[in-house]
There are 4 protein chains.
Amino acid sequence: MALMETHYYSFSLGSNITLNVFVPTPGSSEEITQINHTQKYDYEAGLPVLYLLHGAYGDAFSWVRYSNIDRYAQERGMVVVMASAENSFYQDLKSGKKYKTFFTEELPVFIQSVFPVTKDREKTYIAGFSMGGYGAWYLGLSRPDLYAKAASMSGALDIAGLYESATIQENENNPFSWEDSFGDPKKLSGSKYDLFALYDQDVKGGCVPKLYQAVGTEDFLYQSNLHVKEVLEAKHADLIYKEDKGGHDWNFWDKYIQDILDWLLQ
Amino acid sequence: MALMETHYYSFSLGSNITLNVFVPTPGSSEEITQINHTQKYDYEAGLPVLYLLHGAYGDAFSWVRYSNIDRYAQERGMVVVMASAENSFYQDLKSGKKYKTFFTEELPVFIQSVFPVTKDREKTYIAGFSMGGYGAWYLGLSRPDLYAKAASMSGALDIAGLYESATIQENENNPFSWEDSFGDPKKLSGSKYDLFALYDQDVKGGCVPKLYQAVGTEDFLYQSNLHVKEVLEAKHADLIYKEDKGGHDWNFWDKYIQDILDWLLQ
Amino acid sequence: MALMETHYYSFSLGSNITLNVFVPTPGSSEEITQINHTQKYDYEAGLPVLYLLHGAYGDAFSWVRYSNIDRYAQERGMVVVMASAENSFYQDLKSGKKYKTFFTEELPVFIQSVFPVTKDREKTYIAGFSMGGYGAWYLGLSRPDLYAKAASMSGALDIAGLYESATIQENENNPFSWEDSFGDPKKLSGSKYDLFALYDQDVKGGCVPKLYQAVGTEDFLYQSNLHVKEVLEAKHADLIYKEDKGGHDWNFWDKYIQDILDWLLQ
Amino acid sequence: MALMETHYYSFSLGSNITLNVFVPTPGSSEEITQINHTQKYDYEAGLPVLYLLHGAYGDAFSWVRYSNIDRYAQERGMVVVMASAENSFYQDLKSGKKYKTFFTEELPVFIQSVFPVTKDREKTYIAGFSMGGYGAWYLGLSRPDLYAKAASMSGALDIAGLYESATIQENENNPFSWEDSFGDPKKLSGSKYDLFALYDQDVKGGCVPKLYQAVGTEDFLYQSNLHVKEVLEAKHADLIYKEDKGGHDWNFWDKYIQDILDWLLQ
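Just so you know, these numbers come straight off a predicted model, no measurement behind them. (Residues numbered from 1 in each chain as written. Chains lettered and ligands numbered in written order. Predicted model: local features only at pLDDT ≥ 70, side-chain atom pairs only at ≥ 80, totals over all residues. Heavy atoms only, no water.)

## A closer look at the environment of Lys192(B)
On the secondary structure map, Lys192(B) appears in the loop between helix H6 (178-182) and helix H7 (195-205). If we skip the residues at most four places from it in the chain, Lys192(B) touches Tyr138(B) and Leu198(B). (Helix = DSSP H or I, 4+ residues; strand = E, 2+ residues; numbered from the N terminus. Contact = heavy atoms within 4.5 Å.)

## Thoughts on unusual backbone geometry
All names here are of chain A. Here the phi dihedral of Tyr90 falls at roughly 60°; this positive angle occurs in a residue that is not glycine. Within the secondary structure, Tyr90 sits in the loop between strand S4 (79-83) and helix H3 (99-114). If you check the backbone angles, His236 has positive phi at about 60° while not being a glycine. You can see His236 is positioned in the loop between helix H8 (222-234) and strand S8 (239-244).

## Regarding the packing of aromatic side chains
Following the criterion strictly, the structure yields 102 aromatic pairs over all chains and no others. Pairing Trp63(D) with Phe129(D) gives two aromatic rings, centres 5.5 Å apart and planes at 70°, and the pair type is edge-to-face. With Trp63(D) in helix H1 (residues 62-66) and Phe129(D) in strand S5 (residues 124-129), the pair connects residues that are 66 residues apart, well separated along the chain. Phe129(D) carries the same exposure label as Trp63(D), and that label is buried. Taken together, the ring pairs connect Phe89(A), Tyr134(A), Tyr138(A), Tyr163(A), Phe176(A), Trp178(A), Phe182(A) and Tyr193(A) into an aromatic cluster. The ring of Trp263(C) has Lys149(C) sitting right over it, with the charged end atom 5.0 Å from the ring centre. (Phe/Tyr/Trp six-rings, centres within 6.5 Å; stacked < 30°, edge-to-face > 60°. Buried < 20%, exposed > 50% of the residue type's maximum accessible area, 1.4 Å probe, protein only. Lys NZ or Arg CZ within 6 Å of the ring centre and 35° of its normal.)

## Description of the pairing of strand S2 (residues 15-23) of chain A
Residues and elements named next belong to chain A. Of all the nine residues making up S2, nine are buried; the element is thus mostly covered by neighbouring parts of the structure. Alternating residues of S2 divide into Ser15, Ile17, Leu19, Val21 and Val23 and Asn16, Thr18, Asn20 and Phe22, and every residue in both groups is buried. Relative to S2, strand S1 (residues 2-10) runs antiparallel, the two being bridged by nine bridges. Across the sheet, His7 pairs through a bridge with Thr18, a residue of S2. Relative to S4, S2 runs antiparallel, the two being bridged by four bridges. (Pairing = 2+ DSSP bridges.)

## Examining the packing of helix H2 (residues 69-76) of chain B against helix H9 (residues 250-264) of chain B
The geometry of a pair of packed helices is captured by two quantities: the angle between their axes and the separation between those axes. All names here are of chain B. At a closest axis distance of 10 Å, the pairing of H2 and H9 adopts a crossing angle of 15°. The orientation of H2 with respect to H9, classified from their angle, is roughly parallel. As for how H2 packs across H9, the hand of that crossing is right-handed. On H9, the residues that touch Ile69, Tyr72, Ala73 and Arg76 of H2 are Asp254, Ile257, Gln258, Leu261 and Asp262. A per-class count over the contact of H2 with H9 returns five nonpolar, one polar and three charged. (Axes fitted to C-alpha atoms, helices over the stretch in contact; angles between N-to-C directions. Parallel < 35°, antiparallel > 145°, perpendicular 65-115°, else oblique. Left-handed = near helix turned anticlockwise from the far one by under 90°. Nonpolar A, V, L, I, M, F, W, Y, C, P; charged D, E, K, R; others polar.)

## Quick word on helix H2 (residues 69-76) of chain D
Helical geometry: 3.6 residues make up each α-helical turn, so side chains three or four residues apart lie on a common side. Residues and elements named next belong to chain D. In terms of burial, H2 is largely enclosed, as six of its eight residues are buried. Where H2 is concerned, the buried positions are Ile69, Asp70, Arg71, Tyr72, Ala73 and Gln74. Phi turns positive, to about 65°, at Gly77, one or two residues after H2.

## A few points about the pairing of strand S5 (residues 124-129) of chain C
Residues and elements named next belong to chain C. For S5, a buried count of six out of six residues is recorded, marking the element as mostly surrounded by other parts of the structure. Neither face of S5 is left uncovered, since the one carrying Thr124, Ile126 and Gly128 and the one carrying Tyr125, Ala127 and Phe129 both have all their residues buried. As paired elements, strand S3 (residues 49-53) and S5 share five bridges and run parallel to each other. The residue of S5 that forms the bridge with Leu50 is Tyr125. Sheet topology note: the S5/strand S6 (residues 149-153) ladder contains five bridges and is parallel. Bridge pairing in S6 links Tyr125 to Lys149. Following the chain from S5 across helix H4 (residues 131-142) to the adjacent parallel S6, one finds a crossover that is right-handed. (Right-handed = clockwise from strand over helix to strand, strands pointing away.)

## Some details on the side chain of Glu5(A)
Tracing the backbone through its elements, the reader meets Glu5(A) in strand S1. It is Arg65(B) that comes nearest to the buried, bridge-free Glu5(A) among opposite-charge side chains, at 9.7 Å. There is a polar contact of 3.3 Å between the side chain of Glu5(A) and the side chain of His7(A). Ignoring sequence-local partners within four residues, the contact set of Glu5(A) consists of Thr18(A), Leu19(A), Asn20(A), Phe61(A), Glu5(B), Phe61(B), Glu5(C), Leu3(D), Met4(D) and Glu5(D). (Lys, Arg positive; Asp, Glu negative; His and termini not counted. Salt bridge = Lys/Arg side-chain N within 4 Å of Asp/Glu carboxyl O. Polar contact = N/O pair within 3.5 Å; in protein donor to acceptor, adjacent residues only side chain to side chain.)

## Some remarks on the environment of Tyr256(D)
Relative to the elements of secondary structure, Tyr256(D) occurs in helix H9 (residues 250-264). Beyond its immediate stretch of four places on either side in the chain, Tyr256(D) contacts Met153(D), Tyr212(D), Ala214(D), Lys242(D), Glu243(D) and Asp244(D).

## A few points about the pattern of salt bridges
Residues and elements named next belong to chain B. Per the stated rule, a full pass over the model turns up 44 salt bridges over all chains. The partner of Glu218 in a salt bridge is Lys245, with the nearest N and O atoms 3.7 Å apart. Residue Glu218 is found in the loop between strand S7 (210-216) and helix H8 (222-234), and its partner Lys245 is found in the loop between strand S8 (239-244) and H9; the two are separated by 27 residues along the sequence. Accessibility classification places Glu218 together with Lys245 in one group, the exposed group.

## Examining the side chain of Ser130(C)
Residues and elements named next belong to chain C. Along the polypeptide, Ser130 turns up in the loop between S5 and H4. Relative accessible area serves as the criterion here: at 12%, Ser130 is assigned to the buried category. Among the polar contacts listed, one links the side chain of Ser130 to the side chain of His248, at a separation of 2.8 Å. Excluding anything up to four places from it in sequence, Ser130 contacts Gly55, Met153, Ser154, Gly155, Ala156 and His248.

## Here we look at helix H8 (residues 222-234) of chain C
Residues and elements named next belong to chain C. A rise of 1.5 Å per residue sets the reference length of H8, with its 13 residues, at 18 Å; its end C-alpha atoms lie 18 Å apart and thus fit the reference within 8%. Among the residues of H8, those classed as buried are Tyr222, Ser224, Asn225, Leu226, Val228, Lys229 and Leu232. Packed against the buried residues of H8 are H4, helix H5 (159-164), helix H7 (195-205), strand S7 (210-216) and strand S8 (239-244). Backbone geometry just downstream of H8 places His236 in the positive-phi region, at approximately 60°. (Expected span 1.5 Å × (residues − 1).)

## What to know about the confidence of the model for chain A
Confidence in the prediction of chain A, expressed as mean pLDDT, is 93, and 94% of residues score 70 or more. Low pLDDT (under 50) marks residues 29-35 of chain A, which in the prediction has 18 contacts with non-local residues, meaning those over four places away or in another chain. (pLDDT = per-residue confidence, 0-100.)

## Some words on the environment of Gly132(C)
Residue and element names in this part refer to chain C. By secondary structure assignment, the location of Gly132 is in helix H4. Between the alpha carbons of Gly132 and Leu52 there is a distance of 8.2 Å; along the sequence they are 80 residues apart. Setting aside chain neighbours within four positions, we find Gly132 in contact with Leu53, His54, Gly55, Tyr90 and Ala127.

See below:
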């Protein structure tokens, strides 16, 4: 597997930034059984690609450092793209940095131009955990033309409900700037940031990404995820729901990313 | 020279971030004339340290990629620390990320704890160009107890004047969020963001860093830098001023950083 | 946890090289519950340090990419140092590169000079898997004054027996240059490369590192590891031996490195 | 410019290795004058590509750290590939690592498969300095079907003469293993390692890369380079020769790489 730490200038973010990109390669260390110099790179059709999002406090290195995604993606022949979004909830921030624009407009064009990935929506996926679980569904439901599948682990999916119930609090010990991300956080319900509203809109438009949702029964977001599942099932959504013993931590995410990769490639 | 690309969690910024740190070492590639396994690391007294700031659009990799700072610092035995500040003007942003706090409180403690640098103000320096020229003087004058010397190249030093004269415009093609950095940009003059006011305050307090200012005669900030020089000379500041043929570009900065390193170590 | 990708010139290897160093830090992403700017770095006593070796085909990035060592070391407050040794078996190669010298003389001095680690043998450890399992015991038993404990997973420990039985073959599809590492590989038994001989020598000298050995029952080195265990137990060695279901792969190593970290800190 | 630090498994070298690859991009930091989200990546025809070699003691990071190649290549729209060859003289080493095979067979296929570069020989180039000056001509003349142009700065070009005259000595303070690279170094003249012999062979074969040679008048290899120039001019080679004040150092190489880039793109 080739891991490429990529530094380049992003127009949407107005800064040089760092990405990490995995590209599966014919050989992979520690699993070599024979040497074959004529190994072929069958990349011409374009490899399937997963945009993999981090949670609050994280960055483009979180998945590399805290999981074994490198091995899991190599085994499955999947390109994985990891970029930083700070604590933005993957939004175009009022204060300037445009993360939604970056992830849905600039980054895919860059990746498709520079790396051997598919341009086919059916092989383009997005996933994440916690804030990035919201991000994966948010970006996926906002641009169903781009992604065939969107997966959340331990996601802060019901963003309006979580704010209203103070499950994710707005205070000085909290990394989020709700106003910078969402404007008035009291008006989240039904807004363009609300995943339920986005889902309804996609149904009307006739194009909805397939959804996946996993959560640990000890996660502080467990009840909220159960509620999201119930709402979506009532809407007859094409949703895979999984729950398992576990908390809001990397043990859970390192395990369920493997399940997600298998689901993406079904 | 050891170059350390450092990933760690910043409390002030609420995210994992990336730093680059140079530490001079007994041997340096391409200049080796003899092999000596008993080379000594004379680090116990603590090495002098320069915090080196980037300009707008840049990041912690700008100096590594676009200059030869690695060689220049190795030759002079200087530790160099480079971190990203996006387009923040090195301020505590209203929207949350606290760059001033990061650079003046968190980062120095991290660097002094992990790397073999001095804790002595007399050997602690700060420098930068363009937005980072302002940043170097701003952080230096805000915390004269921390830095003995502060150097600007092509600096946006007269921040109030530059805004008022529309030399640095506030518009959608501009990376800066003036409000996020400074609050009301029309009230910059005399404020805690104004370098002249900070200078006066340091004089009153009896502790002022030595200042260095270089600018190219073809730089769009040339006239503004001349004005800053005149104001400071009228105040009898301890200021080194240099001008030279050149523009607002890396050819100028790669040249003058060498002069700055020599000035720091005088 | 701070992860530092470190580039510097090695005298023993005659080249610029890349290391990875983890240093535990007061905060760690994705596990933050409160922000505290006054977090202290209690590094003055020097942190315990583990030199962690890779196997054949690997490099300084193997552990970062294929395991979760970052999280495990952060939880336990351990510095971890990872360097490349190619397929050298951690020897001073006849063709020039001196890996043994690098790991036992140059690297510890560099690490102790630049990073906040202990110089105390009692808190200095070495571990690895496969070729690096041999390497950990080889370096540990060669320099018992440096390391208090040495741990092997899936180790190619009985190097003479493995060569003689053709378990690790000498052929063109094999990455090892036996002659370059060991001279005549038919004379390994009883030589300075033979771990049994080194162990006996340490016993005579009155200073032996504590040993740890783990192996999977499906590993092609399982029988060889069993033999090593029996020989050492007959010598009444201070040895921890563990076997478990598993093969010669990263699932095993990612699991047992956690057990090793706990054993080191006992 | 996108800088990609790439980690992947090399079959020819039997290890995970690190490459650096620059790919020019529509925007580049510190030179931005307008933001245009619809910037196009015109990569479909395949970008021209330069394989850029380091000298003794160096690695894949030497050019990144010690020169401004990033800026120079961005300005000219050139992809640049930098890999480590240790002190091998870019040969297939007797002790195992096959650098010639890596650079001429494995690396180009990897680069052409993963990155948006041309497969056209007319736009494929190779250059280097010192040991890498020899390497550039050696690889270029060995495989004239692959590279249209080969450039040397401060090159150890007359390898037989340099050994015989003891200009580059064989001793323990020298990083080279002559035997590992070349077999018997006394038999270099006229061998497959001798650039003069390779040149004659290419002429016979009817395919010769264009050659470029620069050297400083204070370089210890100056006289040797003069001799090489005279021999090649007597053979009526298509050679650009440049000399200038300067030594065997990065000031010279950082200057002349710009001249080489211009020559490549003529």
